Amino acid sequence: MLKGMTRLISRVHKLDPGRLLHTGTQAPQNLTAHLDDQVSSERPRAISRTSENDPAQHEQRHEGQHYNIPLPDVKALFPQGLPPRYAKQVKTFNEACLMVRKPALELLHHLKNTNFAHPAVRYVLYGEKGTGKTLSLCHIIHFCAKQDWLVLHIPDAHLWVKNCRDLLQSTYNKQRFDQPLEASIWLKNFKTANERFLSQIKTQEKYVWNKRESTEQGSPLGEVVEQGMTRVRSATDAVGIVFKELKRQSSLGTFRLLVAVDGVNALWGRTTLKREDKSPIAPEELALIYNLRKVVQNDWNGGAIVLTLSQTGSLYKPRKAYLPQELLGKEGFDALDPFIPILVSNYNPKEFESCLQYYLENSWLQHEKAHTEEGKRELLFLSNSNPGQLERLCACL
């Protein structure tokens, strides 16, 4: 076993000693030593960060570096919040930085070279648990928002198929169920992220809510959103109308539409929800899921569909499953086919070093041996270069 460990460590990527943080404990004795101290503390920052904060300008040379998203943009683009552990970092560091990684760069290249007159292309981010699929999706959302796209973001589709508190029989189709609470929360966040569009986009149909209330044809789409927020009983229908109007009008060229769904595998399979007689409810019987399935169809143009597969929160699937066929099942795979799969893998050596330096800069990693080659090798071994595991390890040190 010792020989095996020796061989493993010998294969560890050799880091450039000149890039390590200055670890001397004595004060510099002269000007030369002082300058050396400055250089050694500045180089890691250059490794871990880029000053290019516009995602449209990100290229291969930026791979492995962190870029900054202004906090007001974070609140506007991600009103529903970010992944809990990443959100904790943002609060602690008082900054939101994303690492520029190969999967996001590949997706950015595709989006920049898309012919939007053709049907929307589906991209599926997949990978093992903790590799950073959600944060890669956030990178794409930031890019599209900066390019003035309308973003239809579902931050966790699994929340729509389990532990829902209020299920009501749909007033539109008695065979389906409404989820007014989940729908009203989504409408509120959608409004925050896309408010500038809601007065510009006009409805193409008249929508009757009840005997006394209706939204006339040609009304701002914002009126539909407000109806769902103020009349929670109508929230599920309002979400369906928003989905339908955006799909229909994106092809007119007045706006680009990004459909971004995290955990799209929740749309097929099983739910934890049951009827009063304890019989299970299928995903397609939920009006929100039924309408979301229609949005991820590529029967519209003028935008793109970016999806992630997620083991976190996934129901009745093996913990190690991560391939599209495993998480989507035959029904889901056939429904999304054709799509472009993009693998999100563990950190490569450059990304691993950059992440460590970023944690050191922000004192997220404070162990006395964190600066040493021995400490880095141990973190590499324990985390297996998995971003999620590395973050958890460093948070405890």
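Relevant structure appears above.
Residues numbered from 1 in each chain as written. Predicted model: local features only at pLDDT ≥ 70, side-chain atom pairs only at ≥ 80, totals over all residues. Heavy atoms only, no water.

Peer 1: It is not clear to me how the overall build of the protein chain should be interpreted in this structure. Could you clarify?
Peer 2: Of regular secondary structure, the protein chain possesses 14 helices and 11 strands. A total of 397 residues make up the protein chain; the buried ones form 49% of that total. When contacts within the protein chain are restricted to residue pairs at least 6 apart in sequence, those whose partners lie at least 24 apart make up 73%. By element, 50% of the accessible surface of the protein chain is carried by carbon and sulfur atoms, the whole surface being about 20,200 Å². (Helix = DSSP H or I, 4+ residues; strand = E, 2+ residues; numbered from the N terminus. Buried < 20%, exposed > 50% of the residue type's maximum accessible area, 1.4 Å probe, protein only. Contact = heavy atoms within 4.5 Å. Areas by Shrake-Rupley, 256 points an atom, 1.4 Å probe, with all protein chains shown as cover.)

Peer 1: Can you walk me through the nonpolar core in this structure?
Peer 2: Soluble globular proteins tend to bury their nonpolar side chains together. The biggest cluster of nonpolar side chains holds 56 residues, and the ones touching the most others in it are Ile 154, Trp 186, Val 242, Leu 246, Val 261, Val 264 and Val 296. When residues in this core are grouped by element, the largest group, seven residues, is from helix H9 (residues 235–250). Excluding anything up to four places from it in sequence, Val 261 contacts Leu 137, Ile 154, Ala 157, Leu 292, Val 296, Val 306, Leu 307 and Thr 308. Core analysis: the next-biggest nonpolar cluster, separate from the first, contains 35 residues, Phe 116, Tyr 123, Ala 145 and Trp 149 among them. (Core = buried A, V, L, I, M, F, W, Y, C linked by side-chain atoms within 4.5 Å.)

Peer 1: Would you explain the sheet that holds strand S9 (residues 257–262) in this entry?
Peer 2: Strand pairing within a sheet occurs via backbone hydrogen bonds; the two strands may be parallel or antiparallel. Within the open sheet, the five strands sit side by side as S4-S9-S10-S3-S11. Their pairing is parallel. Sheet topology places strand S4 (150–154) and strand S11 (340–343) at the edges, where each strand pairs with a single neighbour. This sheet shows a mean twist of 15 degrees between the axes of neighbouring strands, independent of strand direction. Across five bridges, the pairing between strand S3 (residues 121–126) and strand S10 (residues 303–308) is parallel. Considered in S10, the bridge of Arg 122 is made with Ile 305. (Pairing = 2+ DSSP bridges. Axes fitted to C-alpha atoms, helices over the stretch in contact; angles between N-to-C directions.)

Peer 1: Can you walk me through the environment of Leu 382 in this structure?
Peer 2: Mapping Leu 382 onto the fold places it in helix H13 (residues 373–383). Residue classification places Leu 382 among the partly exposed residues on the basis of a relative accessible area of 48%. Spatially, the C-alpha atoms of Leu 382 and Leu 393 are 8.3 Å apart, while their sequence positions differ by 11 residues.

Peer 1: Before we go on, may I ask you to explain unusual backbone geometry in this structure?
Peer 2: Glycine aside, negative phi is the norm for most residues, and most peptide bonds take the trans geometry. Following Asp 337, the chain continues to Pro 338 via a peptide bond in cis, the omega torsion being 5 degrees. Secondary-structure assignment places Pro 338 in the loop between helix H11 (324–336) and S11. Non-glycine residue Asn 163 carries a positive phi angle of around 55 degrees. Tracing the sequence through the fold places Asn 163 in the loop between S4 and strand S5 (168–169). Residue Asn 163 is classed as exposed on the basis of its relative accessible area of 64%.

Peer 1: Would you take a moment to explain the environment of Arg 319 for this structure?
Peer 2: Here Arg 319 shows up in the loop between S10 and H11. Sequence separation between Arg 319 and Glu 128 is 191 residues, and the spatial gap between their C-alpha atoms is 9.7 Å.

Peer 1: Explain the packing of H13 against helix H14 (residues 387–395) here, please?
Peer 2: Packed helices, taken two at a time, are described by the angle between their axes plus the distance between the axes. One way to put it is that H13 packs onto H14 with a least axis distance of 9 Å and a crossing angle of 130 degrees. In terms of orientation, H13 lies oblique with respect to H14. Crossing geometry of H13 relative to H14 is assigned as right-handed. In this structure, H13 contributes Leu 379, Leu 382 and Ser 383 to the contact, and H14 contributes Gln 389, Leu 390 and Leu 393. Residues of the contact of H13 with H14, tallied by class, amount to four nonpolar, two polar and no charged. (Parallel < 35°, antiparallel > 145°, perpendicular 65-115°, else oblique. Left-handed = near helix turned anticlockwise from the far one by under 90°. Nonpolar A, V, L, I, M, F, W, Y, C, P; charged D, E, K, R; others polar.)

Peer 1: Would you explain the packing of H9 against helix H10 (residues 287–295) in this entry?
Peer 2: The geometry of H9 relative to H10 is characterised by a closest axis approach of 9 Å and an angle of 5 degrees between their N-to-C directions. In this view, H9 runs roughly parallel relative to H10, as classed from their interaxial angle. Mapping the contact onto sequence places Thr 236, Val 239, Gly 240, Phe 243 and Lys 247 in H9 and Ala 287, Leu 288, Asn 291, Leu 292, Lys 294 and Val 295 in H10. In terms of residue class, the contact of H9 with H10 is built from six nonpolar, three polar and two charged.

Peer 1: What should I look at first to understand a positive patch on the surface in this one?
Peer 2: On the surface, Lys 129, Arg 319, Lys 320 and Arg 392 cluster together to form a positively charged patch. Judged by relative accessible area, which is 76%, Arg 319 ranks as exposed. (Patch = residues over 30% accessible without salt bridge, like charges linked within 9 Å, V, L, I, M, F, W, Y side chains within 5 Å. Salt bridge = Lys/Arg side-chain N within 4 Å of Asp/Glu carboxyl O. Lys, Arg positive; Asp, Glu negative; His and termini not counted. Charge placed at Lys NZ, Arg CZ, Asp CG, Glu CD.)

Peer 1: Would you take a moment to explain the pattern of salt bridges for this structure?
Peer 2: Evaluated as defined, the whole model comprises 17 salt bridges. In this structure, Glu 361 engages Arg 49 in a salt bridge whose closest nitrogen and oxygen atoms are separated by 3.0 Å. Placement of Glu 361 in helix H12 (residues 349–361) and of Arg 49 in the loop between helix H2 (31–48) and strand S1 (66–69) is noted, with a sequence separation of 312 residues between them. Of the residues examined, Glu 361 reaches a relative accessible area of 26% and is grouped as partly exposed.

Peer 1: For this particular structure, what's the right way to read the packing of aromatic side chains?
Peer 2: For any pair of aromatic rings, the description consists of the separation of the ring centres together with the inter-plane angle of the planes. Per the counting criterion, the structure on display carries eight aromatic pairs. Look at Trp 186 and Phe 243: their rings are 5.4 Å apart centre to centre, the planes differ by 80 degrees, and that puts the pair in the edge-to-face class. Pair noted here: Trp 186 is in helix H7 (residues 180–198) and Phe 243 is in helix H9, with a separation of 57 residues, a long-range link. Here Trp 186 falls in the buried class, since its relative accessible area comes to 6%. Among the aromatic residues, ring-to-ring pairing joins Phe 93, Tyr 358, Tyr 359 and Trp 364 into one connected group. (Phe/Tyr/Trp six-rings, centres within 6.5 Å; stacked < 30°, edge-to-face > 60°.)

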